[in-house]
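# Reading the structure
Read off the chains here:
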Amino acid sequence: MNRALDSTVETPVPPATARMEAGEATVEDVLPGEAAVARAARRSLDGRVRGPARVWPFLGPAFIAAVAYIDPGNFATNIAGGAQFGYLLLWVVVAANLVAMLIQTQSAKLGIATGKNLPELCRQTFSRPASIGLWIQAEIIAMSTDVAEVVGAALGLYLLFGIPLFAAGLIAGAGAFAILGLQQLGFRRLEAGIAVLAGVVLVSFALEIVYASPNAGDVASHLVVPGFGGTESVLIATGIIGATVMPHVVYLHSALTQRRIVGRNEDERRRILGFEKIDVVIAMTIAGVVNLSMMIMAAALFNQGGLAGIDSIEGAFQGLQQTVSNHAASIFGVALVASGFASSSVGTMAGQVVMQGFIQRRISIFVRRAITLAPALIVLGIGLAPTDALVISQVVLSFGIPFALVPLLLLARRRDVMGALANPRWLTVIASILGGLIIALNVFLLQQVFLG
């Protein structure tokens, strides 16, 4: 079966798979891997499978979304926090990760309950001018995110092999093309490819922790005990929490679940949501462990080693060379490249969902990859410092948070949209408070950036 790549982004499971689950198509209508997942999911929902095997068919969407939480933009913030303040801000990473779990679960639930993604529902709910405005800002956010991810991967290649940044950016773009090409083999291949890259990042930082030999007692204490070390620590903490909501994956996660496994009734949709919550917890826990590892490494090696001024990825690479070995620095570079390749692919997928959902237009995902690669190559070509590019991209990202988060929370509480999966009042209150806090923190962060 031949399928257009752009349709696989819009609908992570092909329409034929959805029809198969509803009894309207045969297994032969879809790719073998996808048909196998659909059959396994149906056995699980029918109660014919017990134990961990019940969950397996539903794992995957959250792992793709979680990649955004370990992209190159997170490297500098976590490293700066650990280098300057040691273990003090570990609790902030834990808190941010818990909030991320809530937000991503809300996005996944939207897709499961409605069979539509967030941009599609925004288009149907809001006026056309509002939808066009939301689309434009979402495209800017997606492109800004892509700049950070391509620049991060290019920087990793430069640090590892000395490849000039512009040429490294081209290689990073080609790597993302290859990952996106896995969609031709089915969504399971794509999920597996991205999960492998995320695993490379995880293993890399596990090794860095071994090299760092952190103080276990200090780590355990600061994971749960809040504390600050002056105004600068508050600003870094604000950046960590403020980046909790990644607008492009709020859009994307709802698309990844909307027709991947289709529930035939409210009870099945509830059970699918239950499995998806497990997916979110596992994936976001892994992302949280990676972020914690970054900060712990910086705290143990740089803060304790007299290198508290390190606040860039290049500085961290050189710091590892100085405090540990070239081998440790190379492992860090490998993690950066893997992070950039994986997150760049996710950003391209999110951009396709945004375009299809808000304005009902699609282009080939390879064409889109080429278009969104251009700004990153321009940044590298004009010689803008990579760390500065990462910081600027995060500032732009902050502007998009309310435009993804507010519609998500408004729609998730509506029973006419969500049916039985609509948020209860208590959850709406909690999510709204946390959402308001995140938006306020980003406003504060932007004020600090522009007004000092």
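Owing to the predicted nature of the structure, the values given are computational and were not obtained by experimental measurement.

## Quick look at the environment of Arg425
- Inspection of the secondary structure assignment puts Arg425 in helix α20 (residues 425-451).
- The exposure class assigned to Arg425 is exposed, which follows from its relative accessible area of 72%.

## Quick look at the packing of aromatic side chains
- This model, assessed by the stated rule, comprises six aromatic pairs.
- Taken together, a centroid distance of 5.8 Å and an interplanar angle of 80 degrees make the contact between Tyr251 and Phe358 edge-to-face. Placement of the pair is Tyr251 in helix α13 (residues 247-258) and Phe358 in helix α16 (residues 326-359), with a sequence separation of 107 residues.
- Of the residues examined, Tyr251 reaches a relative accessible area of 1% and is grouped as buried.
- Seen from the ring of Trp56, Arg188 lies directly overhead, with NZ or CZ sitting 5.2 Å from the centre.

## Remarks on the side chain of Ser312
- Its location among the elements puts Ser312 in the loop between α14 (266-303) and α15 (313-323).
- A polar contact is formed between the side chain of Ser312 and the backbone nitrogen of Gly315, at a distance of 3.0 Å.

## Here we look at the packing of helix α9 (residues 165-181) against helix α17 (residues 365-381)
- Their axes nearest at 10 Å, the elements α9 and α17 cross at an angle of 160 degrees. Of the possible angle classes, the one that applies to α9 and α17 is roughly antiparallel. Note that α9 runs across α17; the crossing there is right-handed. Mapping the contact onto sequence places Leu165, Phe166, Gly169, Leu170, Gly173, Ala176, Phe177, Leu180 and Gly181 in α9 and Ile365, Phe366, Arg369, Ala370, Leu373, Leu377, Leu380 and Gly381 in α17.
- Residue composition of the contact of α9 with α17, grouped by class: 12 nonpolar, four polar and one charged.

Parameters and conventions
Residues numbered from 1 in each chain as written. Predicted model: local features only at pLDDT ≥ 70, side-chain atom pairs only at ≥ 80, totals over all residues. Heavy atoms only, no water. Helix = DSSP H or I, 4+ residues; strand = E, 2+ residues; numbered from the N terminus. Buried < 20%, exposed > 50% of the residue type's maximum accessible area, 1.4 Å probe, protein only. Phe/Tyr/Trp six-rings, centres within 6.5 Å; stacked < 30°, edge-to-face > 60°. Lys NZ or Arg CZ within 6 Å of the ring centre and 35° of its normal. Polar contact = N/O pair within 3.5 Å; in protein donor to acceptor, adjacent residues only side chain to side chain. Axes fitted to C-alpha atoms, helices over the stretch in contact; angles between N-to-C directions. Parallel < 35°, antiparallel > 145°, perpendicular 65-115°, else oblique. Left-handed = near helix turned anticlockwise from the far one by under 90°. Contact = heavy atoms within 4.5 Å. Nonpolar A, V, L, I, M, F, W, Y, C, P; charged D, E, K, R; others polar.

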